[in-house]
Amino acid sequence: MHAQLEFKRFIEDTAKRNKSPIVLALDLTREDRDELFKRTLKVITSVSRSVCAVKFNHQMILPLGLYDRVTTLVNEVHERKIPVIMDAKINDIGHTNEFIASQYFSAGFDAVTANPFAGFKDGLEPVFRMAKAQQKGVLVLVHMSHSGASEGYGQIVLDEKGQRISQFEVFAQKALRWGADGAIVGATFPETIARVRSILGTDVPIYSPGVGVQGGSLSRALAAGAKYAIVGRSIYESDDPAKSAENLRRSTVASD
Ligand code: 3DU
């Protein structure tokens, strides 16, 4: 299967094959766990041809269990030759970060997200080391999408030379230095995407959540420099998820 393929190549190949920059975020809410599993599987099955990756977060791990039904869902996505990202936002000391990442990788996830506020030494460094050794990916939060995100990611700090700089600019520089496989910047902050893109160049792709329900525009995010857009509710909460995903995908290609 895809096991030997490095994450960054895996998602690039899938994006080319499906002609889609859309990463499907699965954060469904159902009180009944059987119903949650069935509905999530149905969304995966119906939209898989319109997306380049699928993303889970704790919302799904908590009710369905990592080595239980989440692994079944991960395998379903992999059968369609699509990579799976765990939006773990890893943010602790190195010892626990390493074990957390190892569990997600063992369960089949191809990449994890991490919070650069944790820092590198004794923080995210073990996660990067393990990911590189296993051909997995690490995506770093550079600026989140919700309005309160600017309180932390947008605050002004002093860089190593004592110059005033935005926190997200520092994180973009770190994403580059640490060899991140992606940088996450909210679609609700298109000017920030453009600034981050100017720091990162083309080596570290930008993933942009916040399209649709959160108010961000897919076309503006891509025009500003995002390579991938993370979309959840606008797809899985619509009356026809397959159609919504396909319409979003089509809107991103000049001719199809
Ligand atoms: O708003 P939506 O339903 O399209 O979901 C967005 C997804 O992206 C959701 O899974 C959330 O956890 C994730 N995300 C953000 O919304 C903002 C970030 O900065 C990072 C991840």
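Structure's up top.
### Re the overall build of the chain
Item 1. Within the chain, the secondary structure is distributed over 11 helices and 10 strands.
Item 2. Here the C-alpha radius of gyration of the chain, 17 Å, is about what a compact globule of 256 residues would show, namely 18 Å.
Item 3. If one aligns the C-alpha atoms of the chain with their principal axes, the spans along those axes are about 55 × 40 × 35 Å.
Item 4. A burial count over the chain gives 54% of its 256 residues as buried.
Item 5. Taking the contacts inside the chain whose residues are at least 6 apart along the sequence as the reference set, 70% of them involve residues at least 24 apart.
Item 6. Accessible surface computed for the chain: about 11800 Å², of which carbon and sulfur atoms make up 48%.
Item 7. Side chains of the chain give 32 positive and 29 negative charges; the mean places of these two sets differ by 5 Å.

### Things to note about the environment of Lys38
Item 1. The residue Lys38 is located in helix H2 (residues 33-47) in this model.
Item 2. Here Lys38 falls in the exposed class, since its relative accessible area comes to 56%.
Item 3. With 35 residues separating them in the primary sequence, Lys38 and Leu73 have C-alpha atoms 9.9 Å apart.

### Things to note about the site of the ligand
Item 1. What surrounds the ligand is a group of 15 residues, the closest being Asp27, Lys55, Gln214, Gly232 and Arg233.
Item 2. Contacts to the ligand include Asp27, whose side-chain N or O atom sits 2.6 Å from an oxygen atom.
Item 3. Within the contact set of the ligand, an oxygen atom lies 2.8 Å away from a backbone nitrogen or oxygen of Gly232.
Item 4. The protein chains hide 92% of the 470 Å² of surface that the ligand would expose on its own.
Item 5. When residues of the shell around the ligand are traced back to their parent elements, those giving at least two are strand E2 (53-57), strand E3 (84-90) and strand E10 (228-231).
Item 6. Across the shell around the ligand, the residue classes tally to six nonpolar, four polar and five charged.

### Here's the deal with the pairing of E10
Item 1. Along E10, one buried face is formed by Tyr228 and Ile230 and the opposite face, lined by Ala229 and Val231, is buried too.
Item 2. Where strand E9 (residues 206-209) and E10 come together, three bridges link them in parallel fashion. Pairing of Ser208 across the sheet is with Ala229, part of E10.
Item 3. For the segment spanning E9, helix H9 (residues 218-224) and E10, crossover handedness is right-handed.

### Section: the packing of H2 against helix H11 (residues 241-251)
Item 1. In contact at an axis separation of 8 Å, H2 and H11 are set at 45° when each is read in the N-to-C sense. Of the possible angle classes, the one that applies to H2 and H11 is oblique. Relative to H11, the crossing made by H2 is right-handed. Every residue of H11 that contacts H2 at Arg39, Ser46 and Val47 is listed here: Pro241, Ala242 and Ala245.

### Things to note about the pattern of salt bridges
Item 1. Applying the stated criterion across every chain, the model contains 12 salt bridges.
Item 2. Residue Lys89 is joined to Asp87 by a salt bridge in which the shortest nitrogen-to-oxygen separation is 2.9 Å.
Item 3. A relative accessible area of 29% means that Lys89 is categorised as partly exposed.
Item 4. One connected set of salt bridges, linked through shared partners, spans Lys55, Asp87 and Lys89.

### Regarding the sheet that holds E9
Item 1. One closed barrel holds the eight strands; their spatial order is E1-E2-E3-E4-E5-E8-E9-E10, and the pairing between them is parallel. On average, each strand axis in the sheet is tilted by 30° relative to the strand beside it, whichever way the strands run.
Item 2. Here three bridges tie E3 to strand E4 (residues 111-114), and the two strands are oriented parallel to one another. Paired with Ile85 across the bridge in E4 is Ala111.
Item 3. Set on the sheet, helix H3 (residues 58-79) makes contact with strand E1 (22-26), E2 and E3; between it and E2 the angle comes to about 160°.
Item 4. Here helix H8 (residues 190-200) sits on the sheet in contact with strand E5 (137-143), strand E8 (182-185) and E9, set at roughly 165° to E9.

Parameters and conventions
- Residues numbered from 1 in each chain as written.
- Predicted model: local features only at pLDDT ≥ 70, side-chain atom pairs only at ≥ 80, totals over all residues.
- Heavy atoms only, no water.
- Helix = DSSP H or I, 4+ residues; strand = E, 2+ residues; numbered from the N terminus.
- Rg over C-alpha atoms; globule rule 2.2 N^0.38 Å.
- Buried < 20%, exposed > 50% of the residue type's maximum accessible area, 1.4 Å probe, protein only.
- Contact = heavy atoms within 4.5 Å.
- Areas by Shrake-Rupley, 256 points an atom, 1.4 Å probe, with all protein chains shown as cover.
- Lys, Arg positive; Asp, Glu negative; His and termini not counted.
- Charge placed at Lys NZ, Arg CZ, Asp CG, Glu CD.
- Near = heavy atom within 4 Å.
- Polar contact = N/O pair within 3.5 Å; in protein donor to acceptor, adjacent residues only side chain to side chain.
- Nonpolar A, V, L, I, M, F, W, Y, C, P; charged D, E, K, R; others polar.
- Pairing = 2+ DSSP bridges.
- Right-handed = clockwise from strand over helix to strand, strands pointing away.
- Axes fitted to C-alpha atoms, helices over the stretch in contact; angles between N-to-C directions.
- Parallel < 35°, antiparallel > 145°, perpendicular 65-115°, else oblique.
- Left-handed = near helix turned anticlockwise from the far one by under 90°.
- Salt bridge = Lys/Arg side-chain N within 4 Å of Asp/Glu carboxyl O.

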